[in-house]
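Below, each chain spelled out in residue letters.
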Amino acid sequence: MKNMRKWMMALMALICVSAMATEGVHFTRSGVRDMLIRVSGQERYLLIPIEEAAPEYRMQVIEDGRIVRTVVLRLAAKGKIDYYVPMDLSAFNRESLVLAVHVWNQPDGERLREVSPMEYIAWNELKLANTFDTSNWDKYRPIYHHTPLYGWMNDPNGMFYKDGVWHLYYQYNPYYSMWQNMTWAHSSSKDLIHWTHEPIAIEPDVLGTIFSGSAVVDANNTAGFGKDAVIAMYTSAELMGQCQSLAYSTDNGLTFTKYSGNPIITADIPDFRDPNFFWNEQTNEWNLVLACGQEMRFYASSDLKNWRYLSAFGSGYGSHSGVWECPDLMRLPVRGTKEHKWVLLCNINPGGPFGGSATQYFVGDWDGKTFTCEHNDTRWMDYGKDHYATVSFSNAPEERHTMIVWMSNWQYAGQVPTKQFRSANALPRDIDLFKDKDGRYIIGVRPSLECEQLRGEEVTALPEAAIIELTTTSKKNPTTLTLFNSKGEKVVMTIDPKTNTFTTDRRHSGITDFSEAFAAVTTTPLYVNAKKYKVVIYLDRCSLEAFDADGHWSMTNLVFPTEPYDRIETNGKVKIYNVNY
Ligand code: FRU
């Protein structure tokens, strides 16, 4: 009886909602299954109210009786609206357009039991508009790092360089700032620092959402899509499986057409993704690496469409405490020599040195068929907690190996205290190999040369965005650098000549309670014994990237001080530069 009354109330509320709905947006209920929304206004965007704590619901966009898109939403339930996101309706025929929100056949959530979906405040708050304001309202948005204007970002994808322009695609959720609805968004840059936001490049289709992958410039038209066509390969991901698909672009990566023969590679394992491919000059064919559970599988092709399986690598090597993802195989020069070595990057989640996700790598040889690793120890590319999904640009000039790194960790990426956007990319980095004192080949990392343009004037007060150089003054005692604010929040960095390490302690850095895994101390070996040791630190509101001045290591960590760190305490020699952006 009580329930009956509840439903009656809900129905009444719905009827009221319909009457009160914004002009141009009308609701009807169909049976007990869907909320149907008709949009008759001609404005370009439907602005959708989102509440991040609400359960996920599937919305189907139906045009002329056919489902043309499915998106997952967290519609504002009874709490406050966190923000609006726009759905661009300009491509749809308004006469026949119906948006069906499946409110009943979704996984149950706490909130679902608390509030009937029929009573959601979202129904009252949908709006139509011709513009969507993307100006920044998030206090932690970095000043000089790449971020999405709004929404969620994870892995960098399909990066390539062509005609003086660096193209960066990335895993993107346009519908709220948490992982879902994977799409390839696109940004381009002439200097790797200033990025232009381009239109969305690849959208989900019936084969699934668009997971990570890579892209090449097909200079010899091997695939038949045209000379210099940009060919992207990505994982089509469905709840029930993953397969690989191709898309090509004949306008320098602005728009992509999906290949009619998709999918091109299938398998019978659940984790089968993140294709990374390149032209192998030694064998004159394309090579491809795919992450498959806890191994990497290699393939070869002459036309990018038909791939033959070659071999697998992984068993017995490196960390296996998580799933292997986002591979990259490249031939790196050894610093100061004419020697080269093949290096396989392998992102792993979880299982990183400080918990959660991280990038490990293997040094060895690739003969066009098999990858051989020449060491048994596990090697990490970065010694912070926020360095993942690292892959390189294809076709980079001057034989550079330029990388983009997603600056977060799967342990808490969805909970960090930002809202308008979630996640930034780290500064671009160039890598090579060096030999350490034990003769091991280690990846050497430096900020890409383009980062030098960021260095402004030397200053005395610490700005929100700064480049800080720390040099040791003692060969015996630790050199420390503390960044702090008037709230007593601090980050302590230490160069310790006794242990030959550099450490960042962010346990008291500000907001840390959004995840138990956030408060952490991270440590890197210095690799060299220097009389004077210098570390260069890039601070950008919520990130600290430390680099050995001689390019031996990097350490990437996020911090969320409740007010900016504006003071420094140190027993070392410090230079602070403001940032030109
Ligand atoms: C790595 C990853 C990839 C996958 C993508 C999905 O962070 O899990 O393996 O393709 O994210 O967004």
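Cut-offs and rules
Residues numbered from 1 in each chain as written. Predicted model: local features only at pLDDT ≥ 70, side-chain atom pairs only at ≥ 80, totals over all residues. Heavy atoms only, no water. Helix = DSSP H or I, 4+ residues; strand = E, 2+ residues; numbered from the N terminus. Rg over C-alpha atoms; globule rule 2.2 N^0.38 Å. Contact = heavy atoms within 4.5 Å. Areas by Shrake-Rupley, 256 points an atom, 1.4 Å probe, with all protein chains shown as cover. Lys, Arg positive; Asp, Glu negative; His and termini not counted. Charge placed at Lys NZ, Arg CZ, Asp CG, Glu CD. Pairing = 2+ DSSP bridges. Axes fitted to C-alpha atoms, helices over the stretch in contact; angles between N-to-C directions. Core = buried A, V, L, I, M, F, W, Y, C linked by side-chain atoms within 4.5 Å. Buried < 20%, exposed > 50% of the residue type's maximum accessible area, 1.4 Å probe, protein only. Polar contact = N/O pair within 3.5 Å; in protein donor to acceptor, adjacent residues only side chain to side chain. Near = heavy atom within 4 Å. Nonpolar A, V, L, I, M, F, W, Y, C, P; charged D, E, K, R; others polar. Salt bridge = Lys/Arg side-chain N within 4 Å of Asp/Glu carboxyl O.

Details of the overall build of the protein
Of regular secondary structure, the protein possesses three helices and 41 strands. Relative to the compact-globule value of 25 Å for 581 residues, the protein shows a C-alpha radius of gyration of 25 Å, a close match. Taken over the C-alpha atoms alone, the protein extends approximately 80 × 60 × 45 Å along its principal axes. Residue pairs at least 24 apart in sequence account for 62% of intrachain contacts in the protein once pairs closer than 6 positions are excluded. Here the protein displays about 23800 Å² of accessible surface, and carbon together with sulfur accounts for 50% of that area. Treating the 57 positive side-chain charges of the protein as one cloud and the 68 negative ones as another, the clouds have centres 4 Å apart.

Let's talk about the sheet that holds strand S19 (residues 295-301)
Spatial ordering of the open sheet is given by S17-S18-S19-S20, a layout of four strands whose pairing is antiparallel. The outermost strands of the open sheet, each flanked by one partner alone, are strand S17 (272-280) and strand S20 (308-313). Strand-to-strand twist across the sheet, computed as the mean angle between neighbouring axes with direction ignored, equals 25°. Relative to S20, S19 runs antiparallel, the two being bridged by five bridges. Pairing of Ala 300 across the sheet is with Arg 308, part of S20.

Here's the deal with the nonpolar core
Counting 70 residues, the largest nonpolar core has Phe 298, Leu 329, Leu 344, Phe 371, Ile 443, Phe 502 and Trp 553 as the members making the most contacts within it. Residues in contact with Phe 371, not counting those within four places in the same chain, are Phe 298, Phe 313, Leu 329, Trp 342, Leu 344, Phe 362, Val 363, Gly 364, Asp 365 and Trp 366.

Comments concerning the side chain of Arg 429
Tracing the chain through its elements places Arg 429 in strand S29 (residues 429-435). Taking relative accessible area as the criterion, Arg 429 reaches 1% and is therefore assigned buried. At 3.4 Å, the side chain of Arg 429 and the side chain of Asp 382 are in polar contact. In terms of polar contacts, Arg 429 uses its side chain to reach the side chain of Ser 554, at 3.4 Å.

Focus: the site of the ligand
For the ligand, the full set of nearby residues is Asn 154, Asp 155, Gln 171, Trp 179, Met 182, Phe 211, Ser 212, Arg 273, Asp 274, Glu 325, Tyr 388 and Trp 410. Gln 171 places a polar side-chain atom, nitrogen or oxygen, 2.6 Å from an oxygen atom of the ligand. A distance of 2.9 Å is found between an oxygen atom of the ligand and a side-chain nitrogen or oxygen belonging to Glu 325. Protein contacts shield 95% of the accessible area of the ligand, which totals 320 Å² for the unbound molecule. Of all the secondary structure elements, the ones that give two or more residues to the shell around the ligand are strand S9 (151-162), strand S13 (209-218) and S17. For the shell around the ligand, the residue count by class is five nonpolar, three polar and four charged.

Section: the pattern of salt bridges
Enumeration according to the criterion identifies 30 salt bridges in this entry. Between Arg 400 and Glu 450 there is a salt bridge, and its shortest N-O distance comes to 2.9 Å. Here Glu 450 lies in the loop between strand S30 (441-447) and strand S31 (455-459) and Arg 400 lies in the loop between strand S26 (388-392) and strand S27 (402-406), a separation of 50 residues in the sequence. The same class applies to Arg 400 and to Glu 450, which are both buried. Here the salt bridges share partners, and the residues they tie into one network are Asp 377, Arg 379, Asp 436 and Arg 440.

Keep in mind these values describe shape, not function.
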